[in-house]
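# Remarks on the overall topology
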Amino acid sequence: MIIDFRSDTVTRPTPAMLEAMMKARVGDDVFGEDPSINELEAMAAGIFAKEAALFCPSGTMTNQIAIKVHTQPGDEVICSDLSHVYIYEGGGIAFNSGSQVRALPGDLGRITADQVSLAINPEDVHKPCTSLVCLENTANRGGGSCYRLEDIRKIRQVCEEHHLKLHLDGARLFNALVATGQRAKDYGEIFDSISVCLSKSLGCPVGSLLIGSGEFIRTARRVRKVFGGGMRQAGFLAAAGIYALHHHIDRLAEDHAHAKKIAMALRQKEFTGEMLPVETNILIFEIKGRHSPRSFAQRLKEQDIIVMPISPTQVRMVLHLDIGPDMVARTCAAISSL
Ligand SMILES: Cc1ncc(COP(=O)(O)O)c(C=O)c1O
């Protein structure tokens, strides 16, 4: 049996999730007639105490729609230099919105209110108009790091003072909520828009949700159509999302505990270099000395364990629904044997 740590996107639907999908009531969602999608969108809005939500095919699309709605061509978007919207969305901010990025060096993918404050352009015809701040929580390239709510609130304060919108790439926000005990409603109160992924640690095959005010989502729905994201009987996919929101949130604590166990096994080995703090389901660590990231990955692959080198010195491992306690024990033993 292969144990695949490359990403939490590799999960297959569980039998119970598949059953929920098979039983879904569906209709044409472009006409607003898919009952399962309507239910999922209402559920997501309720979780964050926002007015509305929009079901989309991917987290890249929900982020890009939000940026398009919040900006005008020529604007500037502030985010961390490690953020997904900046480094992994194919230059989408420039391509889709005609905006440019002010990328700030962060602490494990997190930026501060002071940094944001200093990065806002003054009212000056030479300067792009700063209109949006994007945060990512958890921060993928920060090793699944979590923001403290008070730090986000300070950023919100700066945004309000300067009339900037605040968007959250919350692809793994539920991991942050479970790890920190923070409340979804606080996020709904702070952010103008939130993107959450169903197809990552929540274990769905497809889908992300964009959440915001009624007016924001009405515009976002138009942009989703323009981006080619208007789907028809996609209630079969939304049913997986409804199932995941009911059944797959609390269990994220298991993934976090598994990540810590593997971290302990890695720390016993002299070839493990610096490891980013393990806060949620992502491990990012250096491999040095007698192993390189590639040789480490190759040796584990010989034991049917797949990990991902992400730089010449670093490896990433991500825990998820398809990795149970036995697999974690097998992985720890394999690491010890190297
Ligand atoms: C932090 C973050 N945001 C957004 C995305 C994009 O999601 P998708 O792959 O569904 O486009 C990812 C994907 O891994 C991600 O890690």
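Refer to the preceding data block for the structure.
Criteria and thresholds
Residues numbered from 1 in each chain as written. Predicted model: local features only at pLDDT ≥ 70, side-chain atom pairs only at ≥ 80, totals over all residues. Heavy atoms only, no water. Helix = DSSP H or I, 4+ residues; strand = E, 2+ residues; numbered from the N terminus. Contact = heavy atoms within 4.5 Å. Near = heavy atom within 4 Å. Polar contact = N/O pair within 3.5 Å; in protein donor to acceptor, adjacent residues only side chain to side chain. Areas by Shrake-Rupley, 256 points an atom, 1.4 Å probe, with all protein chains shown as cover. Nonpolar A, V, L, I, M, F, W, Y, C, P; charged D, E, K, R; others polar. Phe/Tyr/Trp six-rings, centres within 6.5 Å; stacked < 30°, edge-to-face > 60°. Buried < 20%, exposed > 50% of the residue type's maximum accessible area, 1.4 Å probe, protein only.

Right, let's talk about the environment of Y243 for a bit. Along the polypeptide, Y243 turns up in helix α11 (residues 235-247). Between the C-alpha atoms of Y243 and A16, which are 227 residues apart in sequence, the distance is 8.4 Å. Ignoring any residue separated from it by four or fewer positions in sequence, one finds Y243 in contact with T14, A16, M17, A20 and H248.

On to the site of the ligand, then. Close contacts around the ligand come from S58, G59, T60, N63, H84, E89, E136, N140, D169, A171, R172 and K200, and that covers them all. Taking N140, its side chain carries an N or O atom lying 3.0 Å from an oxygen atom of the ligand. At 2.8 Å from an oxygen atom of the ligand is found a side-chain nitrogen or oxygen belonging to K200. In the complex, the protein chains occlude 83% of the 390 Å² of accessible area that the ligand would expose alone. Looking at which element gives the most residues to the shell around the ligand, the answer is helix α3 (residues 59-70), with three residues. Looking at the shell around the ligand residue by residue, the class counts come to one nonpolar, six polar and five charged.

Checked against the element boundaries, G228 lands in the loop between α10 (214-226) and α11. It is 9.9 Å that separates the C-alpha atoms of G228 and P57, two residues lying 171 residues apart in sequence.

This paragraph deals with unusual backbone geometry. The omega torsion of the bond from N137 to T138 falls at 0°, within 30 degrees of zero and hence cis. A positive phi is found at L108, a non-glycine position, where the angle reads about 50°. Tracing the backbone through its elements, the reader meets L108 in the loop between β4 (100-104) and α6 (113-119).

Per the counting criterion, the structure on display carries four aromatic pairs. Each ring, one from Y187 and one from F191, has its centre 6.0 Å from the other, and the planes form 5°; the classification is stacked. Residues Y187 and F191 agree in their burial class; the two are buried. Where F285 meets F296, the ring centres are 5.8 Å apart and the plane angle is 85°; that geometry is what we call edge-to-face. With a gap of eleven residues between them, F285 in strand β10 (residues 282-287) and F296 in helix α13 (residues 293-301) connect regions that are remote in the sequence. F296 matches F285 in its accessibility class, with the two residues each being buried.

Keep in mind these numbers describe shape, not what the thing actually does.
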